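# A closer look at the structure
Each chain, letter by letter, is given below.
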Amino acid sequence: MDKVNKTATLSVNGKTIELPVLQPTVGPDAIDIRKLYSEAGVFTYDPGFTSTASCDSAITYIDGDKGELLYRGYPIEQLAEKSHYLEVCYLLLYGELPTPEQLADFEERITRHTMVHEQMHYFFRGFRRDSHPMATMVGVVGAMSAFYHDSTDISDPWQREVAAIRMIAKVPTIAAMAYKYSIGQPFIYPRNDLDYAANFLHMCFAVPCEPYIVRPELARAMDRIMMLHADHEQNASTSTVRLAGSSGANPFACIAAGIACLWGPAHGGANQACLEMLREIGSVDRIPEYIKRAKDKNDPFRLMGFGHRVYKNFDPRAKVMKESADEVLDLLGIKNNPTLQVAKELERIALQDDYFIEKKLYPNVDFYSGIILEAMGFPTSMFTPIFAVSRTVGWISQWKEMLTDPTQKIGRPRQLYIGHTRRDYVDLEQRGS
Ligand code: CMC
């Protein structure tokens with residue numbers, strides 16, 4: 001496919017230069033400015049990358065105006081209804097839906113890699129026992145490069161593949177261990193007779209002293225949460241993984257960097273922050289006060305779980321999540337859940353408010369996910385680790401794609417320098433107090 005058949009003309013510093021315009025299979029064109037500095041001596045300036053494409057990618061596509069999300073071309077709503085997480089992982093990693101044989105082989109490979117090196121159990125003991133599970137995960141996933149040194153050579157496609165399988169298989173085990181450690185319960189080993197989501201619930205909620213039966217409906221809801229979070233093109237944590245990987249860093253270090261970035265409340269940390277906000281609001285009659293605060297320029301408060309850099313329409317994941325929240329609460333017989341009532345009323349009021357309409361602020365994926373996870377029995381501190389478990393496949397798929405991209409270079413943005421110009425050093429005794 002020829003990606004270039006148009007050019008853009010830029011006049012700057014008395015020079016006129018032609019810049020190629022790259023065309024994607026779908027979505028807006030991108031002006032290729034790679035030669036801009038060498039030909040015109042200027043940089044572009046785009047803090048937050050609001051108008052900058054940092055790479056080619058064939059994995060995920062978002063149409064923010066339509067509220068559409070596609071994994072390898074397949075709409076998220078279809079996948080959430082008909083597929084399951086490990087099939088979605090295969091799709092993201094290898095580009096196509098698997099045949100039954102390919103899926104069985106992939107599931108077998110993942111299932112056979114879910115245990116972690118036994119010595120890792122002792123590694124956990126170095127953390128304070130009340131550590132946030134995200135803090136523990138950043139450290140333990142980073143430490144995988146020490147435990148699995150035989151899959152850190154990024155120039156070897158086989159080692160890259162092994163590292164990918166290991167991470168998809170072991171990150172849920174690590175997240176569950178981080179949780180168990182934080183509540184002082186023994187680690188629960190993975191069980192190969194359970195599917196991916198059911199096994200995760202088992203590792204989180206079982207205890208050695210009694211049997212724990214995973215309810216299939218809850219495993220299905222967990223699986224759906226995982227599918228909805230599996231990838232989201234060049235978001236902050238994925239870009240972090242790519243930037244870390246662009247230096248040639250090993251895959252475990254790159255994913256640990258992604259987990260660290262995900263933790264922030266503007267990104268994956270929003271699910272925890274959102275549920276805390278809904279609880280703080282507490283009752284429907286207090287909503288107007290919080291809407292007022294969210295609109296006040298002098299108040300740093302924002303409606304958590306609202307707004308998105310790319311979606312300027314409903315986040316399609318939020319729609320599926322809302323349905324799932326109703327189903328799970330029904331299933332568990334939770335009637336008149338005050339948090340869900342506040343969430344629904346907050347959504348209704350915000351969507352009629354001029355401020356939110358004008359700024360195109362809609363509920364995002366984090367708005368309803370916390371309600372489901374809380375109903376399942378997870379504390380808020382586990383919400384972002386579950387996001388990290390689910391997103392691991394997206395990070396790895398993007399990392400693998402980057403390493404085979406011939407245009408890939410070390411990521412190294414430039415800057416608009418606004419500091420002092422050159423000046424001479426002043427000896428200490430000559431500086432006034
Ligand atoms: N509540 C109130 N006002 C908001 C909100 C919000 N949640 N989000 C954006 N705005 C306002 C913002 O103040 C700004 O107003 P103005 O133009 O007057 O300065 C305008 O909307 C544009 O916001 P922005 O911060 O410039 O937009 P952004 O694309 O940089 O930020 C965002 C996107 C997701 C960080 C932001 O909407 C936000 O902070 N939302 C709350 C946190 C959240 O839910 N994050 C999860 C995102 S989805 C999952 C994920 O990425 O992990």
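Look above for the structure.
To start, this report covers the structure provided alongside it. (Residues numbered from 1 in each chain as written. Predicted model: local features only at pLDDT ≥ 70, side-chain atom pairs only at ≥ 80, totals over all residues. Heavy atoms only, no water.)

### Quick notes on the environment of Ile-168
- Turning to its location among the elements, Ile-168 is positioned in helix H7 (residues 157-183).
- For Ile-168, a relative accessible area of 1% translates into the label buried.
- Among residues more than four places away in sequence, those in contact with Ile-168 are Cys-89, Leu-93, Ile-110, Tyr-196, Thr-392, Val-393 and Ile-396. (Helix = DSSP H or I, 4+ residues; strand = E, 2+ residues; numbered from the N terminus. Buried < 20%, exposed > 50% of the residue type's maximum accessible area, 1.4 Å probe, protein only. Contact = heavy atoms within 4.5 Å.)

### Side note on the site of the ligand
- If you check the shell around the ligand, you find 22 residues, and the closest are His-267, Lys-297, Leu-303, Gly-305 and Arg-309.
- Note that an oxygen atom of the ligand is positioned 2.7 Å from one of the side-chain N or O atoms of Lys-297.
- Between the ligand and Tyr-355 there is a distance of 2.9 Å, counted from a nitrogen atom to a side-chain nitrogen or oxygen.
- Surface burial for the ligand is 75%, taken as the share of its 930 Å² of free accessible area covered by protein chains.
- Classifying every residue of the shell around the ligand by side-chain character gives 11 nonpolar, 6 polar and 5 charged. (Near = heavy atom within 4 Å. Polar contact = N/O pair within 3.5 Å; in protein donor to acceptor, adjacent residues only side chain to side chain. Areas by Shrake-Rupley, 256 points an atom, 1.4 Å probe, with all protein chains shown as cover. Nonpolar A, V, L, I, M, F, W, Y, C, P; charged D, E, K, R; others polar.)

### Re the nonpolar core
- Core analysis: the largest hydrophobic core is formed by 117 residues, its most contacted members being Met-137, Phe-200, Met-222, Leu-303 and Phe-378.
- When residues of this core are assigned to their parent elements, the largest contribution, 14 residues, is made by H7.
- Discounting chain neighbours no more than four positions away, the residues touching Met-137 are Gly-142, Val-171, Ile-174, Ala-175, Ala-178, Ile-259, Pro-385, Ala-388 and Val-389. (Core = buried A, V, L, I, M, F, W, Y, C linked by side-chain atoms within 4.5 Å.)

### Section: the packing of aromatic side chains
- One pass over the structure, following the stated rule, counts 20 aromatic pairs.
- A centroid spacing of 6.2 Å and a plane angle of 80° characterise the contact between Phe-123 and Phe-127, whose relative ring orientation is edge-to-face.
- With relative accessibility at 34%, the residue Phe-123 sits in the partly exposed group.
- With 5.0 Å between their ring centres and 75° between their planes, Tyr-355 and Phe-356 make a pair best called edge-to-face.
- For Phe-356, a relative accessible area of 3% translates into the label buried.
- The lysine or arginine in question, Arg-414, covers the ring of Tyr-37, its NZ or CZ lying 5.6 Å from the ring centre. (Phe/Tyr/Trp six-rings, centres within 6.5 Å; stacked < 30°, edge-to-face > 60°. Lys NZ or Arg CZ within 6 Å of the ring centre and 35° of its normal.)

### Some words on the pairing of strand E5 (residues 68-71)
- As paired strands, strand E4 (residues 60-63) and E5 are joined by 4 bridges and run antiparallel to one another. When the sheet's bridge partners are listed, Thr-60 is paired in E5 with Tyr-71.
- The antiparallel hairpin formed by E4 and E5 contains 4 residues in its connecting segment, where Gly-67 sits at a positive phi of about 75°.
- In this structure, E5 lies alongside strand E6 (residues 74-75), joined through 2 bridges in antiparallel fashion. Its bridge partner being in E6, Tyr-71 is matched across the sheet by Tyr-74.
- Connecting E5 to the antiparallel partner E6 that follows it, the hairpin turn spans 2 residues, and Arg-72 within it adopts a positive phi of roughly 50°. (Pairing = 2+ DSSP bridges.)

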